[in-house]
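Results of the structural survey
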Amino acid sequence: MIQFPYLDIIIRSVAVYFFMTIALRVFGKKELSQLNTADIILILLISNSVQNAMVGPDTSLIGGLIAALVLFVINFAIKKLTRRYKTLSNILLDKPEILIHNGILDFKALSRLDVSHDELKEAAREHGIEHLTDIKLAMLEIDGTISIISADQKHLKQSHYKRKHNRKNLQNL
């Protein structure tokens, strides 16, 4: 029986992909707009630590390309499957979160999501809203933006406030 020499790399890459997906889901996923210096360092160190787990002793160009190809294929398949199957989507993907509804702040959500009062006020100002009580709906979107709909429909805007509280750390890299 002829054994496929790169099957080990494929299996290892799939295992690492799913481990990382589960780990990010359990330990919390920060969106790109929310990464700070420590988060970037963590991502770089994790990628370095799992590289050998994926390719094992094979350090060849083909081995690395196969591992990368497997990761792209898995990611593509997961995206297709999460669009098709709601249950899988609920397990793997984050959901938008309500921060303010009819002028009432959801303090539990704000605390859990680590969104400060100052961030909310900044987002409101960027949307032309002076008081948080004038907000009909404020949502933390899955991409890290805070979208706002004002109670006064004149202030309905297409722009999104992008969380910036950790961006300053990115500029220091």
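This text gives an overview of the structure that appears in the document. Per chain, residue numbering runs from 1 following the sequence as it is written. At least 70 in pLDDT is required for a residue's local features to be given in this predicted model, at least 80 for side-chain atom pairs to be given and counted, and no such filter applies to totals for whole chains, interfaces and linings, which use all residues. The basis for every side-chain value is the complete set of non-hydrogen atoms in the structure, without hydrogens or water.

Only residues whose relative accessible area exceeds 30% and that form no salt bridge are eligible for patches; like-charged ones are grouped when within 9 Å, while nonpolar side chains (Val, Leu, Ile, Met, Phe, Trp, Tyr) are grouped when within 5 Å. Each accessible area is a Shrake-Rupley estimate made with a 1.4 Å probe; only the visible protein chains count as cover when residues are assessed. The working definition used for a salt bridge is a side-chain nitrogen of Lys or Arg within 4 Å of a carboxyl oxygen of Asp or Glu. Where nonpolar side chains cluster on the molecular surface, the patch consists of F4, L7 and I11 and spans about 290 Å² of accessible area. Topologically, I11 is positioned in helix α1 (residues 7-27). Any residue under 20% of the maximum accessible area for its type is buried, any over 50% is exposed, and the rest in between are partly exposed; the area is computed with a 1.4 Å probe on protein chains only. The class of I11 is exposed, set by a relative accessible area of 52%. We count a stretch as a helix when DSSP gives it H or I for four or more residues in a row; a strand needs E for two or more, and each element gets its number in order from the N terminus.

Bringing helix α3 (residues 61-84) into the picture now. Helix span, as expected, comes to 1.5 Å for every residue beyond the first. For α3, spanning 24 residues, the distance from its first C-alpha to its last is 35 Å, which sits close to the expected 34 Å at 1.5 Å a residue. Within α3, the full set of buried residues consists of G63, I66, A67, V70, I74, I78 and T82.

Here we come to the nonpolar core. The biggest cluster of nonpolar side chains holds 15 residues, and the ones touching the most others in it are L99, I100, L120, I135 and I148. Going through the elements one at a time, β1 (97-101), α6 (117-126), β3 (135-140) and β4 (145-150) are the ones with two or more residues in this core. Sequence-distant contacts of I148, defined by excluding residues within four places in its chain, comprise A123, A124, H127, I129, I135, L137 and A138. In plain words, nonpolar cores are sets of buried Ala, Val, Leu, Ile, Met, Phe, Trp, Tyr and Cys residues tied together by side-chain atoms within 4.5 Å. By size, the runner-up hydrophobic cluster in this structure holds eight residues, among which are I9, Y17, V70 and I74. In this analysis, two residues are considered to be in contact whenever any of their non-hydrogen atoms come within 4.5 Å of each other.

Bringing the pairing of β4 into the picture now. Moving residue by residue along a regular strand, the side chains alternate between the two faces of the sheet. With respect to burial, β4 is a largely interior element, five of its six residues being buried. With five bridges joining them, β3 and β4 adopt antiparallel strand pairing. If you follow L140 over to β4, its bridge partner there is I146. Between any two strands, pairing holds if DSSP finds at least two bridges. Counting the residues that bridge the hairpin from β3 to β4 gives four residues, and of these G144 lies at a positive phi of roughly 90 degrees.

In this section: the side chain of S89. As for its position among the elements, S89 is in helix α4 (residues 86-92). Relative accessible area serves as the criterion here: at 12%, S89 is assigned to the buried category. In contact with S89, other than residues within four places in its own chain, are T82 and K95.

Before going further, it helps to examine α6. Every buried residue belonging to α6 is among E119, L120, A123 and A124, and all of these are buried. Here the buried residues of α6 occupy an arc of 135 degrees about the axis, which is enough to place them on one side. Among the exposed residues of α6, those oriented more than 90 degrees off its buried face are D118 and R125. Downstream of α6 by a residue or two, G128 has a phi angle that is positive, lying close to 75 degrees. This arc corresponds to the set of directions leading from the helix axis out to the C-beta atoms.

Inspection of the entire model under this criterion finds three salt bridges. Note that R112 is salt-bridged to E97, the shortest N-O span being 3.2 Å. Pair noted here: R112 is in helix α5 (residues 107-113) and E97 is in strand β1, with a separation of 15 residues, a long-range link. Residue classification places E97 among the partly exposed positions, given a relative accessible area of 23%. Its salt-bridge partner being D118, residue K121 comes within 3.7 Å of it at the nearest N-O pair. Here K121 pairs with D118, and both are found in helix α6, just three residues apart, close to one helical turn.

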